[in-house]
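Secondary and tertiary structure notes
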Amino acid sequence: MSVNSDRRADFLWIVQMIMIKYEDKIFGWSGIAGDAIAASYRIPKELTAREAALKFCALFVEGFSGDERPSVPNWLAELDDP
């Protein structure tokens, strides 16, 4: 496996674990899962898989980051199938 492939897998694993923990706060599982896959191809080099997963979940998992919703970084904007 390449480093990018490892980062993608780590990112997706962390996102999945968070989604399971917050399952009652997630509406549209298949949509968020698809967005997670698309986002996994766009993780900026300066972010670790963990940092990227936390940023992703702050946007897509209701209540994950408290009441205030963070702004959408460029790499998470307009996600599309890879």
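Refer to the preceding data block for the structure.
Residues numbered from 1 in each chain as written. Predicted model: local features only at pLDDT ≥ 70, side-chain atom pairs only at ≥ 80, totals over all residues. Heavy atoms only, no water.

**A look at the overall build of the protein chain**
Across its full length, the protein chain carries three helices and zero strands. Element order for the protein chain, N to C, with α for helix and β for strand: α-α-α. On C-alpha atoms alone, the protein chain measures out to a radius of gyration of 12 Å, which is about the 12 Å that the 2.2 N^0.38 rule sets for 82 residues. Taken across its 82 residues, the protein chain has 32% of its residues classed as buried. Summed over all atoms, the accessible surface of the protein chain reaches about 5500 Å², with 52% contributed by carbon and sulfur. In the protein chain, the 9 positive side-chain charges and the 13 negative ones have mean positions that sit 5 Å from each other. (Helix = DSSP H or I, 4+ residues; strand = E, 2+ residues; numbered from the N terminus. Rg over C-alpha atoms; globule rule 2.2 N^0.38 Å. Buried < 20%, exposed > 50% of the residue type's maximum accessible area, 1.4 Å probe, protein only. Areas by Shrake-Rupley, 256 points an atom, 1.4 Å probe, with all protein chains shown as cover. Lys, Arg positive; Asp, Glu negative; His and termini not counted. Charge placed at Lys NZ, Arg CZ, Asp CG, Glu CD.)

**Some details on the packing of aromatic side chains**
Under the counting rule described, the total for this entry stands at four aromatic pairs. Ring centres of Phe 11 and Phe 56 lie 5.8 Å apart, and the angle between their planes is 80°; this geometry places the pair in the edge-to-face category. Residue Phe 11 is found in helix H1 (residues 3–21), and its partner Phe 56 is found in helix H3 (residues 49–60); the two are separated by 45 residues along the sequence. By the burial criterion, Phe 11 is buried, and Phe 56 matches it. A centroid spacing of 5.4 Å and a plane angle of 75° characterise the contact between Tyr 22 and Phe 64, whose relative ring orientation is edge-to-face. Of the two residues, Tyr 22 is situated in the loop between H1 and helix H2 (29–40) and Phe 64 in the segment after H3; the sequence distance between them amounts to 42 residues. Look at Phe 64 and you get partly exposed, because its relative accessible area is 22%. Chaining the aromatic ring pairs together yields one cluster made of Phe 11, Phe 56, Phe 60 and Trp 75. One cation-aromatic arrangement involves Arg 8 over Tyr 41; the distance from NZ or CZ to the ring centre is 3.7 Å. (Phe/Tyr/Trp six-rings, centres within 6.5 Å; stacked < 30°, edge-to-face > 60°. Lys NZ or Arg CZ within 6 Å of the ring centre and 35° of its normal.)

**Some points on unusual backbone geometry**
Phi at Glu 78 is positive, roughly 50°, even though this residue is not glycine. If you trace the backbone, Glu 78 turns up in the segment after H3. Among the residues examined, Glu 78 registers a relative accessible area of 76% and is labelled exposed.

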